[in-house]
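# A structural walkthrough
Here is how the chains run, residue by residue.
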Amino acid sequence: MSSILADRDRLLIELDREMRRVSSQSVMFSQAVAERLGINPTDLECLGIIGETGALTAGQLAELTGLTTGAITGVIDRLEKAGYVRRAQDPGDRRRVIVQPVENVAEQRIAPLFSSIGDAMAAIVSRYSNEELAFIIDFATAMNHMTLEETAKLRGNDESGSDSELRAPLGDLTRGKLVFATGASDVTIHGDAALTDLYRALFDGNPPNIQVQDGVVTVKHQHRPHFEWSSRSFGDLKVNVSLPWQLGWLMRTVGNVSLNTTIPWQIEIRAGASHFSVDLTGMQLESLRVKGGASQATITLPHPVGTMPITIGTGASQVTIHRPAGVPTRVHVHKGANQVNLDAQYFGAIGGEMHWEGPDYESASDRIDISISGGASHLVIDTTEQ
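A brief report on the enclosed structure follows. Every value quoted in this text rests on a predicted model; they were computed, and no experiment measured them.

## So, the overall build of the protein chain
- Tallying secondary structure elements over the protein chain gives seven helices and 24 strands in all.
- Put simply, the protein chain has 386 residues, and 44% of those count as buried.
- A fraction of 60% describes how many contacts in the protein chain between residues 6 or more apart in sequence connect residues 24 or more apart.

Structure below.
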């Protein structure tokens, strides 16, 4: 018996050591990528944000990263000199200068740096059966939840709540708005009928900064670069060649945000969203907007009051939208789509726009209007009983 316990102690020590190595090697790999590109890690982080948003001002980039405008000017100068970005006049306001990525340059230079690690990842994954992969995913999920709870304990003296949770009072507010200013990843958003506060949130990993003003709850993450240049299939498993999956899954920030259900809400996610779930059953939703696209997302919509606009930006992939049965709905997919399931209808490749309108939509007072920008793939829109 003692030898068995000794073996377990040894294994636990080795597990702890290897997990720490995964975390540190992720940081070191990012450093190596930056060095090969001739930029520093901060420049790489900013390049990742610009790549996600497409174009933004220096002030907006400073807000997203937490850097000063002076530091951001230096970052932009270096990235422009290296050929990754360019300054241009804002077509909507020619008094402003925006920073935009140089088309295809980042992908052409960065993708080859991930080719080798993608092949290495394929070799590692091929050693495991589906059951073993499911076990690994279960372990990673449990670790994320454990870290969430431990982070809450460390925040025991946080002024935002005596029970270690981030929250804000409802007060006399009559409506709310939830804004993820720097995108959302590994986040669950839902209504809580028992909640008396405006919102309640828990995050593990690198917790975000949350500010509340006039009912607007703004969540700002400390951004990390997140590149997904290609994907590889290993039997039934498809793996994106992305830094967080390969090296940084222990560093992910997993969040859970609960919203008060007694007031109507607007939800806006800027710079895209991935691996997220939104269940707004029993809530009054005024609008949901995801700028920058969404991937691996599940959205459950409530019954609408008036017209409920749902807008998802370019590049939506593996997105499922559940809407209440019997609610008049219009769906507009812009500029092409691939593999779209709309109730019982299946659409393969769609070259142009796809417009679908359910019965009685035009005359309905309560209805759902779903708009998805170009490049949508593996999109499911169906109904559910509520």
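## Looking at the sheet that holds strand S7 (residues 199-203)
- Taken in spatial order, the ten strands make up an open sheet running S4-S7-S12-S6-S14-S16-S18-S24-S20-S21, and their pairing is mixed. In this open sheet, the two strands that pair with only one neighbour each are strand S4 (166-168) and strand S21 (345-350). On average, each strand axis in the sheet is tilted by 10° relative to the strand beside it, whichever way the strands run.
- The sheet contact formed by strand S16 (residues 294-300) and strand S18 (residues 317-324) spans five bridges and is parallel. Along S18, the bridge assignment pairs Ile299 with Ile321.

## Observations regarding the nonpolar core
- If you look at the biggest cluster of nonpolar residues, it comprises 54 residues, and the most contacted ones within it are Leu178 and Phe180.
- Residue contacts for Phe180: discarding those within four places in its chain leaves Val187, Ile189, Phe203, Val219, His221, Val257, Glu268, Ile269 and Arg270.

## Observations regarding helix H4 (residues 69-81)
- Taking 1.5 Å as the rise per residue, H4 with 13 residues should run 18 Å; its terminal C-alpha atoms sit 18 Å apart, in good agreement.
- Two residues or fewer past H4, Gly83 is found with a positive phi of approximately 90°.

## Here's the deal with the sheet that holds strand S19 (residues 329-333)
- The mixed open sheet is built from nine strands, whose spatial order is S8-S9-S5-S13-S15-S17-S23-S19-S22. Strand pairing shows two members of the sheet lacking a second neighbour, strand S8 (209-213) and strand S22 (354-357), which therefore form its edges. Taken over all neighbouring pairs, the strand axes of this sheet differ in orientation by 10° on average, direction set aside.

## Observations regarding the packing of aromatic side chains
- With the rule as written, the count across this model stands at zero aromatic pairs.
- Arg109 extends its terminal NZ or CZ atom over the ring of Tyr84, reaching a point 4.8 Å from the ring centre.
- The side chain of Arg367 reaches across the aromatic face of Tyr361, ending 4.5 Å from its centre.

## Here's the deal with the pairing of strand S15 (residues 285-290)
- Taken together, the five bridges between strand S13 (residues 265-269) and S15 define a ladder with parallel strand orientation. Pairing of Glu268 across the sheet is with Arg289, part of S15.
- Examined bridge by bridge, S15 and strand S17 (residues 307-312) share three bridges and lie parallel to one another. Bridged to Arg289 within S17 is Thr311.

## Focus on the environment of Val305
- Following the sequence through the fold, Val305 ends up in the loop between S16 and S17.
- Note: C-alpha distance between Val305 and Leu285 (20 residues apart in sequence) is 7.8 Å.
- If sequence neighbours within four positions are ignored, Val305 has contacts with Gln284 and Asp366.

## A few points about the pattern of salt bridges
- One pass over the structure, following the stated rule, counts 13 salt bridges.
- A salt bridge links Arg10 to Glu14; the shortest N-O distance between them is 3.2 Å. Here the residue Arg10 and the residue Glu14 both occupy positions in helix H1 (residues 2-37), the gap between them amounting to four residues, near one helical turn.
- Residue class for Glu14 comes out partly exposed when judged on its relative accessible area of 30%.
- With a shortest N-O distance of 2.6 Å, Arg167 and Asp197 are connected by a salt bridge. Of this pair, Arg167 sits in strand S4 while Asp197 is found in the loop between strand S6 (184-192) and S7, placing the two residues 30 residues apart along the sequence.
- A relative accessible area of 22% means that Arg167 is categorised as partly exposed.
- Via salt bridges that share partners, Lys177, Glu268, Arg270 and Lys291 belong to a single interconnected network.

## Section: the packing of helix H2 (residues 41-53) against H4
- Direction vectors running N to C along H2 and H4 enclose 80°, while the axes themselves pass 10 Å from each other. Here H2 is positioned roughly perpendicular relative to H4, judged by the angle of their axes. Each of Thr42, Asp43, Cys46, Leu47 and Ile50 in H2 lies in contact with H4, whose residues at this interface are Ile72, Val75, Arg78 and Leu79.
- Its residues placed into classes, the contact of H2 with H4 shows six nonpolar, one polar and two charged.

## What about the side chain of Asp192?
- Looking at where Asp192 falls in the secondary structure, it is placed in strand S6.
- Its relative accessible area of 16% is what places Asp192 among the buried residues.
- At 2.8 Å, the side chain of Asp192 and the side chain of Arg200 are in polar contact.

## What about the environment of Pro101?
- Locating Pro101 in the fold gives a position in strand S3 (residues 93-101).
- Sequence separation between Pro101 and Arg86 is 15 residues; the distance between their C-alpha atoms is 6.4 Å.
- Setting aside anything within four residues of it in sequence, one finds Pro101 in contact with Ile50, Gly54, Tyr84, Val85 and Arg86.

## Description of a nonpolar patch on the surface
- On the surface, a cluster of nonpolar side chains totalling about 380 Å² of accessible area is made up of Ile124, Tyr128, Phe135 and Ile136.
- Along the polypeptide, Tyr128 turns up in the loop between helix H5 (105-125) and helix H6 (130-154).

About the cut-offs
- Residues numbered from 1 in each chain as written.
- Predicted model: local features only at pLDDT ≥ 70, side-chain atom pairs only at ≥ 80, totals over all residues.
- Heavy atoms only, no water.
- Helix = DSSP H or I, 4+ residues; strand = E, 2+ residues; numbered from the N terminus.
- Buried < 20%, exposed > 50% of the residue type's maximum accessible area, 1.4 Å probe, protein only.
- Contact = heavy atoms within 4.5 Å.
- Pairing = 2+ DSSP bridges.
- Axes fitted to C-alpha atoms, helices over the stretch in contact; angles between N-to-C directions.
- Core = buried A, V, L, I, M, F, W, Y, C linked by side-chain atoms within 4.5 Å.
- Expected span 1.5 Å × (residues − 1).
- Phe/Tyr/Trp six-rings, centres within 6.5 Å; stacked < 30°, edge-to-face > 60°.
- Lys NZ or Arg CZ within 6 Å of the ring centre and 35° of its normal.
- Salt bridge = Lys/Arg side-chain N within 4 Å of Asp/Glu carboxyl O.
- Parallel < 35°, antiparallel > 145°, perpendicular 65-115°, else oblique.
- Nonpolar A, V, L, I, M, F, W, Y, C, P; charged D, E, K, R; others polar.
- Polar contact = N/O pair within 3.5 Å; in protein donor to acceptor, adjacent residues only side chain to side chain.
- Patch = residues over 30% accessible without salt bridge, like charges linked within 9 Å, V, L, I, M, F, W, Y side chains within 5 Å.
- Areas by Shrake-Rupley, 256 points an atom, 1.4 Å probe, with all protein chains shown as cover.

By themselves, these figures tell us nothing about what the structure is for.
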